[in-house]
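# Fold and geometry: a report
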Amino acid sequence: MAELKIAGIVDGSTLDYAGKVAAVIYLCGCPYRCPWCQNPELVEQGEICKTVDVDYIISALKDDFLISAACVTGGEPLMQKTCLELLKAIKKETGLLLKLDTNGYYPEMLADALPCVDRLSLDIKAPLGEEYAAAAGLGDKYPEAIVRIKKSLETIKKWGGVSEARTTVVPGITDRKEVIESIARTVDEYGFPLYTLQQFRPMNTLDPAYMKKKSPSHALMLELGRAAKNILPEKTVKIFTQLKGFEKISSDA
Ligand code: SF4
């Protein structure tokens with residue numbers, strides 16, 4: 001029986017699968033060390049992480065009558081090879097819509113996962129260059145990550161399923177117009193129909209220094225959303241803030 005390390009299953013989310021009530025399964029482990037990460041216990045595989053078998057997760061999903069979707073997230077879910085067995089089992093045994101969140105570091109796993117999923121979200125942490133070193137806490141290992149992410153982007157482009165690119169707007173890393181414009185050009189190049197900017201929150205961060213940083217204001221999020229929309233006039237651009245939740249950016253905003 002395939003086993004996985006998970007931090008838990010959260011029920012009844014209305015934020016993780018557009019228009020659906022979803023269960024969210026948090027898988028432990030991540031190859032990145034984004035200093036602003038708000039899931040340090042998952043990344044460092046602390047006590048919160050428990051080993052369960054795939055059947056345990058499938059039973060929990062089957063017993064949940066309120067959900068119509070499942071979202072497999074992390075950490076980085078594709079870091080665990082048995083994630084593929086989980087995705088296949090969810091699709092085959094539950095009939096739920098299935099979304100996968102990934103940071104793109106495992107392109108071969110991603111290629112195997114895509115046939116199982118209905119939606120995919122890819123985190124693009126920064127422009128695809130040396131900015132990734134700081135944004136993902138990779139230091140001088142960032143070039144390998146860029147190669148891997150580009151492979152994942154090519155795979156997603158060929159896939160043609162419902163895909164979304166996401167960037168967290170983090171103070172000092174991605175809170176400038178030029179940075180978001182650069183990422184938006186990548187989003188355009190690889191054909192994502194949806195780009196979402198998420199607001200960083202200074203809570204429970206991997207690097208405690210980020211607890212002292214301020215959340216980007218709603219006004220700044222709107223400004224950055226508009227900058228992205230200018231690069232992506234035919235695509236859907238959204239921002240997500242604590243104040244107003246999801247907001248769609250219109251071309252004339
Ligand atoms: S924010 Fe970064 S370190 Fe945290 S789980 Fe996501 S990719 Fe990993």
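The rules behind the values
- Residues numbered from 1 in each chain as written.
- Predicted model: local features only at pLDDT ≥ 70, side-chain atom pairs only at ≥ 80, totals over all residues.
- Heavy atoms only, no water.
- Helix = DSSP H or I, 4+ residues; strand = E, 2+ residues; numbered from the N terminus.
- Contact = heavy atoms within 4.5 Å.
- Polar contact = N/O pair within 3.5 Å; in protein donor to acceptor, adjacent residues only side chain to side chain.
- Phe/Tyr/Trp six-rings, centres within 6.5 Å; stacked < 30°, edge-to-face > 60°.
- Buried < 20%, exposed > 50% of the residue type's maximum accessible area, 1.4 Å probe, protein only.

This part is about the environment of Gln80. Following the sequence through the fold, Gln80 ends up in the loop between strand E4 (69-73) and helix H3 (83-94). Setting aside its immediate chain neighbours within four residues, Gln80 contacts Leu4, Lys5, Leu27, Cys28 and Met109. At 2.8 Å, the side chain of Gln80 forms a polar contact with the backbone nitrogen of Lys5.

This part covers the packing of aromatic side chains. Summed over all chains, the structure comprises five aromatic pairs. Considering the side-chain rings of Tyr32 and Tyr105, the 5.7 Å spacing of their centres and the 85° angle between planes classify their relative orientation as edge-to-face. Of this pair, Tyr32 sits in the loop between strand E2 (22-27) and helix H1 (40-43) while Tyr105 sits in the loop between strand E5 (97-102) and helix H4 (107-113), placing them 73 residues apart in sequence. Residue Tyr32 is classed as buried on the basis of its relative accessible area, which comes to 0%. Its relative accessible area of 13% is what places Tyr105 among the buried residues.

Our focus in this paragraph is unusual backbone geometry. With an omega of 15°, the peptide bond running from Gly74 to Gly75 counts as cis. Checked against the element boundaries, Gly75 lands in the loop between E4 and H3. Despite not being glycine, Asn204 shows a phi value in the positive range, around 55°. The partly exposed category is assigned to Asn204, whose relative accessible area is 37%.

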